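Residue-level listing of the chains:
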Amino acid sequence: MYRYDDFDHAFLAERNRQFRAQVERRLDGSLTEDEFRPLRLMNGLYLQLHAYMLRVAIPYGSLNPGQMRVLADIADRWDKGYGHFTTRQNIQYNWPRLTDVPDMLDALAKVGLHAIQTSGNTIRNVTSDHFAGAAADEIADPRPYAELIRQWSTDHPEFQFLPRKFKVAVTGSEIDRAVTRAHDIGLRMVRKHGAVGFEVIVGGGLGRTPMIGKVLRDFLPVPDLLPYLEAVVSTYNLLGRRDNKYKARIKITVHENGIERIRELVDARFAELRPNFDAAETVLHLARISAMFKGPDLQQADDGAYHAARQADPVFRAWADTNLHAHRDASHAIVTVSLKAHGATPGDATSDQMRALADLAEAYGYGEIRISHEQNVILPHVHRADLPALHAVLRAHGLATANAGLLSDIIACPGMDYCALATARSIPVAQEIATHFEALKLEHEIGPLKIKISGCINACGHHHVGHIGILGLDRAGVENYQITLGGDGSEDAALGDRTGPGFAYDQIVPAIERILRAYLDLRNDPAETFLQTYKRVGLAPFKTALYTQEQADAA
Amino acid sequence: MPARPFSKVVTANALIDGDVVYLDAAGAWVGTLNAAQVFTDKDSANEALTRAQARSHEVVGCYLADVDVTEAGLAPTHFREEFRRRGPSNYAHGKQATAKGSPHVSL
């Protein structure tokens, strides 16, 4: 993991000192709310429906146990004993008091965490593959590059007032677990003539106008990473529309100007900027960062205990079948710890659970923890021999739900239960879908399925790329839910197709059931996933199931 | 459908803890909708809003919210205001935790 040096510590301390003074000036009347708002947003502090909300960055989703314990302590001391992990690898505290936030930020700084640029029209927290450094399918660990980008973008003087927010995701694998095609810039590591570089994807994004990103450059050599990124953001900063908030994201800039024109402008700017960057120093600096991300020395041990537990314990076996992923070392596994117990709030963890995860990471996981954009916790390196013991502790803390990648592993934004922008609730819809299908015992029969729910058009719940997407809207003062089908956030990224008219709050779960029963009827065999069936048969049969049956029920 | 009669309250979030507050008849900020002053004409409502907005050392984001005056008390007309009045639906936090004895409102 990246270790803060004196510069980093001093920078954070100074930034937090400034924010403390800004809060004081707001309280004594020297700053108006209009003056204070952009300052608090730059430090991750929102005012939501019922309270303030502090959004803390978990850079590229990596945490060490000490950091996780501080997140737990903050939840206990200044919040309500829990935190909410988000789709952008952040953690949100839903109930802080304005006067406590400077102390919270100081507590975070002590373990090298911050809330800088988790809001505002800036380059946001750089996200990455949550299996980084562990996956068997990886070219190289993307996190050193993400850390380099974090350092470059933090407090970048030219990019503090962009036309709109700007999100960067980096993946080191062909298998895209970072939704790179739905980011302002997606960086996908590729190898060419033996050298590692990046495919640069630009102009993806969800929200009001969802778009799949386009390839701006098919191979960017690593030494050119920063000047090229600077050229892209700089081009956008000049060209992006500031006249209309809804047309201000780079996806619209790319759409309106065309990828060829953007490429010309970026290339011209890149030619100007490149001499200002010391490519050799970038490579050296990357080497220093990379050394900190060196993986653990993996222990070898007999994994008899794992096989014995699989034979003896069907609960363990079910969990192992769903929540483990292939590690680059065959004797280890990547563990997804589900924060989606049936009926629980997706992405929420109590302080006790956070501490248990910190302890488990130390006992069995070489001290490494990841937060996924799918709102789960990952222990990236666990020896198979330790899995039964790990599972037992997870069970004791309500963390052993065997549902990773299944129906109840739902992404849901906070929705109108917390968010000031929301137009409908998300959380209770997720809770009810999970408990409904748990009661029907259909989840495992249905198999791999990604349901994603957003409580407004801004799409924090990534509904456009859900195999089943649900979008909550306010229709004439009543919550109404639109469904999209066939979305995909993977390397085959696709936007879902809208089925038709939306459904009332109490009709959305039955609607999802009709879709899934149609799938069970339509699939060629149990191995054909929902998404594969959808791609084969298209929208029509699902539409029939969804609306014909609704009319029959209403008649 | 006849237009509903003009009836609004002044609401905002408290500056320090962010809690949803309403303006009462004595000009104090209170945490319960039922204690709020109802304005039944546009001019007095706008005047109260302007005065409230000047109290930026106490609150953030003042606006007028529609309410229905019912036998059971004041009722929000929009579900967003119902959530603000009650708190989130996934945990008994916020006003639900502080309003002892108040029945849980199921939507």
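Residues numbered from 1 in each chain as written. Chains lettered and ligands numbered in written order. Predicted model: local features only at pLDDT ≥ 70, side-chain atom pairs only at ≥ 80, totals over all residues.

(A) Focus on the overall build of chain B. Across its full length, chain B carries three helices and five strands. Secondary structure elements of chain B, listed N to C terminal, follow the sequence β-β-β-α-β-β-α-α. Burial analysis of chain B (107 residues in total) assigns 30% to the buried set. Here the contacts in chain B between residues at least 6 apart in sequence split such that 50% fall between residues at least 24 apart. (Helix = DSSP H or I, 4+ residues; strand = E, 2+ residues; numbered from the N terminus. Buried ≥ 20, exposed ≤ 12 C-beta atoms within 10 Å, placed from the backbone. Contact = placed C-beta atoms within 7 Å.)

(B) Fine view of the interface of chain A and chain B. Facing the 22 residues of chain A at the interface are 22 residues of chain B. Considered class by class, the residues forming the side of chain A that touches chain B number ten nonpolar, six polar and six charged. (Nonpolar A, V, L, I, M, F, W, Y, C, P; charged D, E, K, R; others polar.)

(C) Looking closely at the sheet that holds strand S2 (residues 52-57) of chain A. Residue and element names in this part refer to chain A. In spatial order, the strands read S1-S2-S5-S4-S13; together these five strands make up an open sheet with antiparallel pairing. Looking along the sheet, the strands with just one partner apiece sit at the ends: strand S1 (45-47) and strand S13 (348-350). Averaged over all pairs of adjacent strands, the angle between strand axes in this sheet comes to 30°, irrespective of strand direction. Where S2 and strand S5 (residues 90-93) come together, four bridges link them in antiparallel fashion. Across the sheet, residue Val56 finds its bridge partner in S5, namely Ile91. Helix H12 (residues 351-364) rests against strand S4 (82-85) and S13 of the sheet, and its axis sits at about 85° to S13. (Pairing = 2+ DSSP bridges. Axes fitted to C-alpha atoms, helices over the stretch in contact; angles between N-to-C directions.)

(D) Here's a closer look at unusual backbone geometry. Residue and element names in this part refer to chain A. Positive phi is not limited to glycine here, since Gln117 has a value of about 60°. Tracing the sequence through the fold places Gln117 in the loop between helix H4 (101-110) and strand S6 (127-128). Within the chain, Ala476 stands out as a residue other than glycine whose phi angle is a positive 55°. Looking at the element boundaries, Ala476 is found in the loop between strand S18 (468-475) and strand S19 (478-485).

(E) Inspection of the sheet that holds strand S7 (residues 168-171) of chain A at higher detail. Residue and element names in this part refer to chain A. Read from one edge to the other, the open sheet built from five strands follows the order S6-S7-S8-S9-S10, with strand pairing classed as mixed. Whereas interior strands pair on both sides, the edge strands pair on one side only; in this sheet they are S6 and strand S10 (214-221). Examined bridge by bridge, strand S8 (residues 185-192) and strand S9 (residues 195-202) share eight bridges and lie antiparallel to one another. Pairing of Val190 across the sheet is with Gly197, part of S9.

(F) Expanded view of the domain arrangement of chain A. Residue and element names in this part refer to chain A. Partitioning chain A into domains gives domain 1 (6-110), domain 2 (142-292), domain 3 (319-396) and domain 4 (411-554). With centres defined by C-alpha atoms, the gap from domain 3 to domain 4 works out at 27 Å. Listed as interface residues are seven residues of domain 3 and, on the opposing side, eight residues of domain 4. Its residues assigned to classes, the side of domain 3 that touches domain 4 shows one nonpolar, four polar and two charged. (Domains from an automatic or database assignment.)

(G) Summary view of the nonpolar core. If you look at the biggest cluster of nonpolar residues, it comprises 168 residues, and the most contacted ones within it are A:Leu54, A:Val202, A:Val232, A:Leu357, A:Ile453, A:Ile470 and A:Ile515. Among the elements that make up this core, the one with the highest residue count is helix H6 (residues 225-239) of chain A (eight residues). (Core = buried A, V, L, I, M, F, W, Y, C linked by C-beta atoms within 7 Å.)

(H) Just the pairing of S18(A), in detail. Residue and element names in this part refer to chain A. Direction of pairing for strand S17 (residues 451-454) relative to S18: parallel, over a ladder of four bridges. Directly across from Ser454, in S18, lies its bridge partner Leu471. Between S18 and S19, which pair antiparallel in sequence order, lie two residues; one of them, Ala476, sits at a positive phi of approximately 55°.

(I) Region of the structure containing the environment of A:Ala518. All names here are of chain A. Looking at the secondary structure, you find Ala518 in helix H16 (residues 508-522). Considering only alpha carbons, one finds Ala518 and Ala545, 27 residues apart in sequence, at a separation of 6.3 Å. Leaving out residues up to four positions away in the same chain, Ala518 has contacts with Pro541, Phe542 and Ala545.

(J) Expanded view of the pairing of strand S1 (residues 8-14) of chain B. All names here are of chain B. Of all seven residues in S1, six are buried; the element is thus mostly enclosed. In terms of strand pairing, S1 meets strand S4 (residues 59-70) through six bridges, oriented antiparallel. Across the sheet, residue Val9 finds its bridge partner in S4, namely Ala65. Note: S1 against strand S2 (residues 20-23), three bridges, orientation antiparallel. By the bridge assignment for S2, Asn13 is matched with Val20. Between S1 and the antiparallel strand that follows it, S2, lie five residues; Gly18 among them carries a positive phi value of about 75°.

(K) Broad picture of the packing of helix H5 (residues 143-153) of chain A against helix H9 (residues 279-292) of chain A. Residue and element names in this part refer to chain A. The interhelical angle for the contact between H5 and H9, taken along N-to-C directions, is 120°, at an axis separation of 9 Å. With respect to their mutual orientation, H5 and H9 come out oblique. Crossing of H5 over H9 shows right-handed handedness. Every residue of H9 that contacts H5 at Pro144, Glu147 and Leu148 is listed here: His285, Leu286, Ile289 and Ser290. Across the contact of H5 with H9, the residue classes break down as four nonpolar, two polar and one charged. (Parallel < 35°, antiparallel > 145°, perpendicular 65-115°, else oblique. Left-handed = near helix turned anticlockwise from the far one by under 90°.)

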